[in-house]
Amino acid sequence: MTVKEKFETMDYGPAPESDTEAQAWLESFERKFGHFIDGAFTAPGPAFDSRNPATGALLAEVTQARQEDVYAAVKAARRAQGKWAALGGPGRARHLYALARLLQKHARLFSVLETLDTGKPIREARDIDIPLVQRHFYYHAGMAQLMEDSLPDVEPLGVCGQIIPWNFPLLMLAWKVAPALAMGNTVVLKPAEYTPLTALLFAEITRQAGLPKGVVNIVTGDGTVGEMVVKADVDKIAFTGSTAVGRRIREVTAGSGKALTLELGGKSPYIVFDDADLDSAVEGLVDAIWFNQGQVCCAGSRLLVQESVAEDFHARLRRRMDRLRIGDPLDKCIDVGAVVDPVQLARITEMVEGNTAGERHVAGISVPTSGCFYPPTLISGLGPADSLMQEEIFGPVLVSCTFRTPDEAVALANNTRYGLAATLWSENINLALDIAPKLAAGVVWINATNLFDAAAPFGGVRESGFGREGGWEGLTAYTRPKDTRKQLKQRAAPQRNEVATTVIDRTAKLYIGGKQARPDNGHSLPVRDPAGRLLGHVGQGSRKDVRNAVEAARGASAWARTTGHLRAQILYYMAENLSARAMEFAARIDAMTGGRKGAQEVEFCLDRLFTAAAWADKVDGRTAGVPIRGVALAMKEPVGVIGAICPDEAPLLGLMSLMAPAIAMGNRVVLAASEAHPLAATDFYQVIDTSDVPAGVVNILTGRHADLAPTLAAHLDVDAVWSFSSTDLSAEIERASAGNLKRTWVNDGFATDWASLKMRCILNHATEDRTIWIPYGA
Amino acid sequence: MTRETRLSPMQLPQVTEPRNPGMELDMGWVRRAQANSSAIERRVATLPGRRSVKKDHQAAWLLRAITCIDLTTLAGDDTTERVRRLCAKGRHPVRADLLQALGFDRLSVAAICVYHDMVAPAVAALTGSGIPVAAVSTGFPAGLSPFHLRVAEIGESVQAGANEIDIVISRRHVLSGDWQALYDEMRAFRAACGEAHVKAILATGELGTLRNVARASLVCMMAGADFIKTSTGKESVNATLPVSLVMIRAIREYHERTGYRVGYKPAGGISKAKDALVYLSLIKEELGDRWLRPDLFRFGASSLLGDIERQLEHHVTGAYSAAHRHALG
């Protein structure tokens, strides 16, 4: 074609990025890779292929790890960890800085290799993935530098097992490795089997950076290798991937004491109000669902458009789709590249073909006939009951539905098991700022979508997982409070010692929805002092009582919207009322425990209430310093309904230490009182009754923890479960929590020093981080 | 609908579209217009990374850009001779040997753009070239002279032979929200132009917000503008990509609702070949290929041509070029 013909057609023509350097790098390994363990590559072993999904070409053979490889990697990491932590924050900061610099120096090589391996457009690898990777290492170099000064009360977890997905291979590596290393941990990372290559290049970079041996170890292979990492002798598992696998990891790690963070799937809503800049909202969808071929956990894949503009909006959207360019990911002029693997292509195809509802619009553009390409697709006119509105497709397929009012938009948006991200478009600041906090999502973007930064926490709620990556909040995933833990003493049941009591019988019931309620099964349990003397009876709570209590707690959701000031007032009021009866409670504690520290415990309880009240209006969240014109608010929100099994070590202080901060933050609680010494809790009903606590905010059950905990842990409408029971329930609770992937905080059989437990630590468990991105501009 | 029949050089299908007759002022539509600055800035900031034109295609695009240039001189010291030189450059914007190497025998710019007093010399200098003369008018650049004089100025320029009139709107109508006044003014200007085409200069750098740009664009189109144009080149901020995106989205919506294609002219501050390519890809993406022709797209520029010439020589020879190797305008 002559220049003159091109002058007539005004086509773009090819704009290929060269893959020469990336191919040469692969050749330098003869396209065969071993694992990276203890600072060196192992000899390649039995291998699987890593292919370019756009062409099917073999890129390299990568070794499938065996159990001994995982052992060796964990061993190397364990060996290196002490020294790495002892190097100190500033020492580690220099290493992270060196990594950031090298990532920058080799930016083009990383970008091209990522595109070859994943099929994502070179524009995205070059302009989004790799710059964010660099930024993450720079940011966390800073965190390492500041750790001792800013986080004096925490220490590294130890060895972290990290399992990452194939959609953003190097970026997910960065999100996992940078904070782990910054905080003094060492890592064993398993990249996805489809996309291991940039992780291996990163391994080589760590050698250039002079990172000590064993600090970063990389083992490759399929899901079975992931399972080996999960079961290995590691202190933490960080996983990003599907909800199904995340749930399995939760079950496998239950009771192991391993810290766990999960960043899982989503079906994130993308809400367009009638006063939005519609063209910009359409363009936002390109970044939401056609970014990385829609293979994005937080993709805005569920379009909700206000009815009054729905027709107009969909027309604009279809027209925009017809201008997308799909094809060779290495072409600099491509919007949509290849899906990662034929397996994924088949899955997307099957899901879309299996749907008969709504209207399908396939982008009117030419799609390559070979390679893993799937055309941008819109399925409009669906309702929440259609399975494609609920199931994650993980491909370039957008589904849509309309709404009438802001309330309905929220209801539709939250009608999902997931809760990763949400996007909303409106030019009305009142509307936008009202809706954003109502969306069940860890990240909300206002008039933008898929914005990421190392300074802004990212992560989900509900079945999108738990834990945050990025910002100060993300560091809690790689640290733990400094403390020495003691095994919990098992308490022998006291011998029966029947001595008649002279006072009027005062058998407490259960406390549900602001009222005392008889246990559903009509049974009571005796409460005895250590000498075996009967002190009274409590109701034997069971399954149905848990159900009723959770229902009451859910019904009290208005508590979350009260002001911190009001919650503080109520907590102070509780302290007042408890103080008035301090001697009585002290005597009760002494009678139950046979000790003499009751008065001191009550004093600690008053302090807990005061401290929680003090914090109620001071857990402010922050604005994250993200590189846009706008703000990213890192907000602290209540977790929701928290079930807490209270300890025996401090019958009243334990309960108070869990309840007070939880309700201070706006949560509602279902507490299972100390099983051995429940009477201080039942006495406390009257304090609650007289302190203006709204019904349902605090619910207290008594009975056997082994009866109550499993129901509470499995309950799908409970958002978190905590356990400090003397009964060995941690494993069972964590296993049952996998049902809706609720957050857990369990004692793993260790005793807690309730008098010295830091309020900050409890508040972390009692809050959820929500990041709201608000770009602005006149 | 009228169809222009003016003769044009081969590469310049100057006017093939029915002219936009305008419509009643639709205030509901005007008021609904929204423009989210951050989102618009993100779109234009990522565009150069999303679209790239290389090698022969790039040369073709640069040649296309030349055919869309309104080669402009709007200086107080303009003289007949100066304008004559500019017109000569407009007839032969690219060195003949380069043009030949690229497979073209002739090529010209879209129009020569001058003040009223320079219209007659320009028309004379362009005789037989088919290149139209555009006159800036209506008290350009501030547009604050008496209204009847502004209208009369249009008539004088048309009479002097100007085929295109670049009018300036009263920014105060936008800033005070008097859309009816803006509409009426534009209607009057359009009427005064007669057969000459009218480009409405919004002076976007003085309109305060992108939303005002969107609304002013719609009002001017409703009042019958053939083109909407960003700037006089005399404001402190002239053509920008965000402003362009807002204006061309308005053009697209107007076309979808009415069926009429209105042209777009960014002016001021576009001086690099690379920038021209980004503008062309923005037009291609948001409006479509039909707008990549001089009857619907113009660059208001004076120094852009020089940079394009140097890039073309580099394309032909492989060696980077120098300004003095290309004829002055």
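Residues numbered from 1 in each chain as written. Chains lettered and ligands numbered in written order. Predicted model: local features only at pLDDT ≥ 70, side-chain atom pairs only at ≥ 80, totals over all residues. Heavy atoms only, no water.

Naming follows an unreviewed UniProt entry, where chain B appears as Deoxyribose-phosphate aldolase of Sedimentitalea arenosa. Within the UniProt record for chain B, the comment given under Catalytic activity (unreviewed entry) is "2-deoxy-D-ribose 5-phosphate = D-glyceraldehyde 3-phosphate + acetaldehyde". (UniProt positions renumbered as here; feature names shortened; annotations may be inferred.)

Under an unreviewed UniProt entry, the name given to chain A is Aldehyde dehydrogenase family protein, and the source organism is Sedimentitalea arenosa. Turning to chain A, the UniProt annotation filed under Sequence similarities (unreviewed entry) states: "Belongs to the aldehyde dehydrogenase family."

Engineer: Requested: an account of the interface of chain A and chain B, with residues and values cited.
Structural biologist: With 43 residues of chain A in contact, the opposing surface of chain B contributes 45 residues. Both faces considered, chain A and chain B share a buried interface measuring about 3900 Å² in area, 47% of it formed by carbon and sulfur atoms. When the buried area of chain A at its contact with chain B is split by residue, F7(A), M10(A) and Y12(A) rank highest and sum to 22% of it. Counting across the chain A and chain B interface gives ten salt bridges. Across the pair D287(A) and R50(B) runs a salt bridge, and its minimum N-O distance is 2.7 Å. Counting across the chain A and chain B interface gives 25 residue pairs in polar contact (both at pLDDT 80 or more). Counting only elements with at least two residues in the side of chain A that touches chain B, the list comes to α1 (3–9), α6 (122–150), α11 (278–289) and α12 (307–321) of chain A. Here the side of chain A that touches chain B is built from residues that sort into 17 nonpolar, five polar and 21 charged. (Contact = heavy atoms within 4.5 Å. Buried area = accessible area lost by both parts, 1.4 Å probe. Salt bridge = Lys/Arg side-chain N within 4 Å of Asp/Glu carboxyl O. Polar contact = N/O pair within 3.5 Å; in protein donor to acceptor, adjacent residues only side chain to side chain. Helix = DSSP H or I, 4+ residues; strand = E, 2+ residues; numbered from the N terminus. Nonpolar A, V, L, I, M, F, W, Y, C, P; charged D, E, K, R; others polar.)

Engineer: Can you explain the sheet that holds strand β5 (residues 58–63) of chain A? Please cite residues and give values.
Structural biologist: Residue and element names in this part refer to chain A. The strand order across the open sheet formed by three strands is β1-β5-β4, and the pairing between neighbours is mixed. Either end of the sheet is taken by a strand with one partner, and the two such strands are β1 (32–33) and β4 (47–51). Two elements, β1 and β5, share two bridges in a ladder whose sense is parallel. Along β5, the bridge assignment pairs F33 with V62. (Pairing = 2+ DSSP bridges.)

Engineer: Tell me about the packing of aromatic side chains, and please be specific about residues and values.
Structural biologist: This model, assessed by the stated rule, comprises 30 aromatic pairs over all chains. An aromatic cluster of three or more residues is present, and its members are W25(A), F29(A), F33(A), F36(A) and F41(A). The ring of Y418(A) is capped by R417(A), whose NZ or CZ atom sits 5.8 Å from the centre of that ring. The ring of F227(B) carries the charged tip of K199(B) above its face, separated from the ring centre by 6.0 Å. (Phe/Tyr/Trp six-rings, centres within 6.5 Å; stacked < 30°, edge-to-face > 60°. Lys NZ or Arg CZ within 6 Å of the ring centre and 35° of its normal.)

Engineer: Just give me the short version of the pairing of strand β30 (residues 698–701) of chain A, but keep the residues and values in it.
Structural biologist: All names here are of chain A. Neither face of β30 is left uncovered, since the one carrying V698 and I700 and the one carrying N699 and L701 both have all their residues buried. Note that strand β29 (residues 668–672) and β30 share four bridges and pair parallel. Directly across from A672, in β30, lies its bridge partner L701. Crossover connection from β29 via helix α23 (residues 679–689) to parallel β30: handedness right-handed. (Buried < 20%, exposed > 50% of the residue type's maximum accessible area, 1.4 Å probe, protein only. Right-handed = clockwise from strand over helix to strand, strands pointing away.)

Engineer: How would you sum up the UniProt feature "domain: Aldehyde dehydrogenase" (unreviewed entry) in chain A? Please name residues and give values.
Structural biologist: All names here are of chain A. In the numbering adopted here, UniProt assigns the feature "domain: Aldehyde dehydrogenase" (unreviewed entry) to residues 47–482 and 523–746. Between the C-alpha atoms that bound residues 47–482 there is a distance of 42 Å. The span itself is 43% helix and 18% strand. Along residues 523–746 the backbone is 46% helical and 20% strand, and the end-to-end C-alpha distance reaches 28 Å.

Engineer: Any details on the pairing of strand β15 (residues 377–380) of chain A? Residues and values, ideally.
Structural biologist: All names here are of chain A. On β15, burial covers both faces: T377 and I379 on one face and L378 and S380 on the other are all buried. Pairing analysis gives three bridges linking β15 to strand β16 (residues 397–403), with the strands arranged parallel. The residue of β16 that forms the bridge with I379 is V399.

Engineer: An account of the packing of helix α5 (residues 107–118) of chain A against helix α8 (residues 197–208) of chain A is needed here, citing residue identities and associated values.
Structural biologist: Residue and element names in this part refer to chain A. The contact between α5 and α8 brings their axes to 9 Å, and the two run at 155°. Looking at the two axes, α5 sits roughly antiparallel to α8. Facing α5, whose interface residues are L109, F110, L113, E114 and D117, α8 presents L197, T198, L201, F202 and I205. (Axes fitted to C-alpha atoms, helices over the stretch in contact; angles between N-to-C directions. Parallel < 35°, antiparallel > 145°, perpendicular 65-115°, else oblique.)

Engineer: If you had to explain the pattern of salt bridges to someone new, which residues and values would you point to?
Structural biologist: What the rule picks out here adds up to 74 salt bridges over all chains. A salt bridge links R468(A) to E768(A), with the nearest nitrogen and oxygen atoms 3.4 Å apart. Linking R468(A) in the loop between β19 (465–466) and α17 (471–475) with E768(A) in strand β34 (residues 767–775), this pair joins segments that are 300 residues apart in sequence. For the pair R468(A) and E768(A), one class covers both residues: buried. The residue R310(B) makes a salt bridge to D307(B) at a minimum N-O spacing of 2.8 Å. Within this pair, R310(B) and its partner D307(B) are both found in helix α13 (residues 304–317), separated by three residues, close to a single helical turn.

Engineer: Which residues make up helix α15 (residues 406–413) of chain A, and what values go with them?
Structural biologist: All names here are of chain A. All buried positions along α15 are accounted for by A409, V410, L412 and A413. Down the axis of α15, the buried set is contained in an arc of 165°. They therefore lie on one face. For α15, the secondary structure elements touched by its buried residues are β12 (268–272), β13 (300–306), β16 and α16 (429–435). (Arc of directions from axis to C-beta.)

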